Amino acid sequence: MSRPDTVIPDDILAPFPIVQTGTIASGFGRGSAELGIPTANVPVTPELNQLDTGIYYGWCRLLPRNEICADKQRADGQKVHFNHGAKLAGDELTVFPMAMSIGWNPFYDNTQKTAEVHIIHEFGDNFYGADLRYAVMGHIRPELNYTTKEALIADINLDIEITKQALAKKHYKEFKEQL
Ligand code: RBF
Ligand code: MG
């Protein structure tokens, strides 16, 4: 299947917005290391499960959790430091646009459904274990498989551009203030 065009509606259409809060877990470590596109992995809630698997745009805000820092291990043994967002400061605590993937990552053949948020901002530090409050505002495209990593990266970059364009529209901008 090739990538279908994204239609950005002139209003916020049901079932959107879907507003959720979830604690950020560590994923496979592929987003940053392999793709250069870090993602915050959040729980697949029943509300997300009702959506078709695919790529979505929306708003999000990081909420530090008052918890003791701890190291956790990934499935591959790699250590991950959970600071629960203690290093976040200033504008890092404001609302950002996000491009979100919900599904099975066909390019990687995952056996578990995941929900991953790429926050469109460059952060100074990691924030594993922080909470993420987010609003899914609209649909971009279905999940696709790719023959190369570069093709996947190119499509994610296009998703990021579509997200910025969509959220610049009045009806979405207005919602930003509510998150
Ligand atoms: N993985 C896929 O296998 N197919 C996709 O079409 C796909 N689209 C994505 C779009 C966005 C905006 C993001 C953030 C991720 C996407 N991914 C996709 C998931 C990607 O493979 C995953 O983030 C990394 O493997 C890290 O877990
Ligand atoms: Mg991730």
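Structure first, text after, so check above.
Residues numbered from 1 in each chain as written. Chains lettered and ligands numbered in written order. Predicted model: local features only at pLDDT ≥ 70, side-chain atom pairs only at ≥ 80, totals over all residues. Heavy atoms only, no water.

1. Quick look at the overall build of the chain
Next, step 1: Assigned secondary structure in the chain consists of four helices and eight strands.
Next, step 2: When the helices and strands of the chain are read in sequence order from the N terminus, they spell out β-α-β-α-β-β-β-β-β-β-α-α.
Next, step 3: Whereas a compact globule of 179 residues would reach a radius of gyration of roughly 16 Å, the chain reaches 16 Å, a difference of no more than 12%.
Next, step 4: Dimensions along the principal axes, computed over C-alpha positions, put the chain at roughly 45 × 40 × 30 Å.
Next, step 5: The proportion of buried residues among the 179 residues of the chain is 45%.
Next, step 6: When contacts within the chain are restricted to residue pairs at least 6 apart in sequence, those whose partners lie at least 24 apart make up 79%.
Next, step 7: Looking at the chain, you have 17 positive and 23 negative side-chain charges, and the mean spots of the two groups are 3 Å apart. (Helix = DSSP H or I, 4+ residues; strand = E, 2+ residues; numbered from the N terminus. Rg over C-alpha atoms; globule rule 2.2 N^0.38 Å. Buried < 20%, exposed > 50% of the residue type's maximum accessible area, 1.4 Å probe, protein only. Contact = heavy atoms within 4.5 Å. Lys, Arg positive; Asp, Glu negative; His and termini not counted. Charge placed at Lys NZ, Arg CZ, Asp CG, Glu CD.)

2. A short note on the sheet that holds strand β8 (residues 131–141)
Pairing between the strands of a sheet comes from backbone hydrogen bonds, and it takes one of two forms, parallel or antiparallel.
Next, step 1: What the six strands build is an open sheet, ordered β1-β8-β3-β6-β7-β2; its pairing is antiparallel. Each edge of the open sheet is held by one strand with a lone partner, namely β1 (18–23) and β2 (40–42). Each strand axis lies, on average, 35° off the axis of its neighbour in the sheet, ignoring direction.
Next, step 2: Here six bridges tie β1 to β8, and the two strands are oriented antiparallel to one another. Bridge pairing in β8 links T21 to R133. (Pairing = 2+ DSSP bridges. Axes fitted to C-alpha atoms, helices over the stretch in contact; angles between N-to-C directions.)

3. Structural notes on the pairing of strand β4 (residues 70–73)
Next, step 1: Bridge count between β4 and strand β5 (residues 79–82): four bridges; the pairing is antiparallel. What sits directly across from A70, in β5, is F82.
Next, step 2: Following β4, the chain reverses through five residues before pairing antiparallel with β5; G77 in that reversal takes a positive phi of roughly 95°.

4. Quick notes on the site of ligand 1
Next, step 1: Taken together, 20 residues lie around ligand 1, and R30, F107, E116, R141 and L144 are the ones closest in.
Next, step 2: Between ligand 1 and R141 there is a distance of 2.8 Å, counted from an oxygen atom to a side-chain nitrogen or oxygen.
Next, step 3: Taking 540 Å² as the accessible area of ligand 1 by itself, protein coverage stands at 99%.
Next, step 4: At the level of elements, α1 (30–35), β6 (95–103), β7 (114–119) and α3 (149–167) are the ones that each hand at least two residues to the shell around ligand 1.
Next, step 5: Taken together, the residues that form the shell around ligand 1 break down as 10 nonpolar, five polar and five charged. (Near = heavy atom within 4 Å. Polar contact = N/O pair within 3.5 Å; in protein donor to acceptor, adjacent residues only side chain to side chain. Areas by Shrake-Rupley, 256 points an atom, 1.4 Å probe, with all protein chains shown as cover. Nonpolar A, V, L, I, M, F, W, Y, C, P; charged D, E, K, R; others polar.)

5. Quick notes on the side chain of E116
Next, step 1: Along the chain, the position of E116 falls in strand β7.
Next, step 2: Only 2.5 Å separates the side chain of E116 from the side chain of T39, close enough to count as a polar contact.
Next, step 3: Within the structure, the side chain of E116 is placed 3.5 Å from the side chain of T114, a separation counted as a polar contact.
Next, step 4: Sequence-distant contacts of E116, defined by excluding residues within four places in its chain, comprise T39, A40, N41, A99, M100, S101 and N105.

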